[in-house]
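Examination of the molecular architecture
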Amino acid sequence: MKCNTYRSKRWIIITFLAMLSFSCKTSKIVSAGKVDERLTTKAIIKNHYKNQLEFKTVSGRMKVAYNDGGAVQSFNVSLRVEKDKAIWMSAPLGVVKALITPKRVTFYNKLQNEYFDGDFGYLSKLLGTELDFNKVQNLLFGEALFDLRTEKYISLAAEEYYELKPKNMGDLFKTLFLIEPKNFKIATQQLSQPWNNRLMEIYYKSYQEKNNRILPEEIQIIAIDSDHTTNIDIEFKNIEFNRTLNFPYKIPKGFEEIVLK
């Protein structure tokens, strides 16, 4: 039972962190652009939100490579997203299926005959930061996890990116945002809890343009908890916008509920 619980926690990490990134293949890769040292912090933030992705739905497939130092896995997942309403994923043959809504985080695993059904509370604790549906969407499309307009930031024009840090950096929780100058999308998001030796970094390695939309192309996620490191690489394929989608999800009868504390 203890082993099953560990596997279940690992599936939650895989499933949820997989949602914190997005990429799709097209033929045109967006160039890095050039940093303008004269640009103010206010202008950088304004341009970031000016270039937010507009859509009704997104669908496609993603290949996820996962390595936690012990387990190494690679698998394909179908993805469906309805903006502000639902994020749905399904492994081949529906062996593992997940559904995230503004009020609910749930998944089931047919290999272990078990399911999880709850809110963002446990996942927030697991990843070391408060999460909600909007934050997941932001990370999904290369946008800042936190609303940069509600807190005062200071900026630095580095060689390739604009670096943003909160003006009043907390001792227990720290954030860092690197914004690429071409389209003002996020290049790196870093969240850390120094006292707990926790760090999560999301790298948007390149961006590309499709149907006048700017999307991440290559993503890497690194999560460090004390001396344990998890690496996730994600590649998305066959992405389509604004199709009519459904989100089939029903927990099979007889499955054991995972109670996470």
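Right above here is the structure, for reference.
These numbers were taken from a predicted model, which means no experiment stands behind them. (Residues numbered from 1 in each chain as written. Predicted model: local features only at pLDDT ≥ 70, side-chain atom pairs only at ≥ 80, totals over all residues. Heavy atoms only, no water.)

**Here we look at the pattern of salt bridges**
This is how the line gets drawn: Whenever a carboxyl oxygen of Asp or Glu lies within 4 Å of a side-chain nitrogen of Lys or Arg, that contact is scored as a salt bridge. Note on exposure labels: buried denotes an accessible area under 20% of the residue type's maximum, exposed denotes more than 50%, and partly exposed covers the range between, all computed with a 1.4 Å probe on protein chains only.
For the coordinates displayed, the defined rule picks out eight salt bridges. In this structure, E82 engages K85 in a salt bridge whose closest nitrogen and oxygen atoms are separated by 3.8 Å. For E82, a relative accessible area of 26% puts it in the partly exposed group. Ionic pairing is found between R149 and D147, a salt bridge with its closest N-O pair at 2.9 Å. Classification of D147 by relative accessible area gives partly exposed; the value is 31%.

**Let's talk about the nonpolar core**
Keep this limit in mind: Definition of nonpolar core: a set of buried residues of the types Ala, Val, Leu, Ile, Met, Phe, Trp, Tyr and Cys, connected through side-chain atoms within 4.5 Å. Helix numbering and strand numbering both begin at the N terminus, where a helix is a DSSP run of H or I of at least 4 residues and a strand a DSSP run of E of at least 2. By definition in these notes, contact holds between two residues if any of their heavy atoms fall within 4.5 Å.
Residues L148, L164 and I179 are the most contacted members of the largest nonpolar core, which totals 55 residues. Broken down by element, this core gets its largest block of residues, five residues, from strand β14 (residues 228-241). Not counting the four nearest positions on each side in its chain, L148 is found in contact with I45, H48, Y49, Y153, L164, F177 and I179. Among the nonpolar cores identified, the runner-up in size contains eight residues, and A86, W88, L99 and Y115 belong to it.

**A word on helix α4 (residues 133-140)**
The element α4 is extensively covered by neighbouring structure, given that six of its eight residues are classed as buried. Among the residues of α4, F133, K135, V136, Q137, L139 and L140 are the ones counted as buried. In the segment just after α4, G142 is the residue with positive phi, at about 70 degrees.

**Quick notes on the packing of aromatic side chains**
This is how it is decided: Two aromatic rings from Phe, Tyr or Trp, using only the six-membered ring of Trp, form a pair when their centres are within 6.5 Å; if the ring planes differ by under 30 degrees the pair is stacked, by over 60 it is edge-to-face, and anything between is tilted.
The final tally for this structure, using the stated rule, is six aromatic pairs. Ring geometry for Y153 against F177: centres 6.2 Å apart, planes inclined by 65 degrees, an arrangement best described as edge-to-face. Taken together, the positions of Y153 in strand β8 (residues 153-157) and F177 in strand β10 (residues 174-179) put the pair 24 residues apart, joining distant regions of the chain. Look at Y153 and you get buried, because its relative accessible area is 9%. Taken together, the ring pairs connect Y108, Y249 and F255 into an aromatic cluster.

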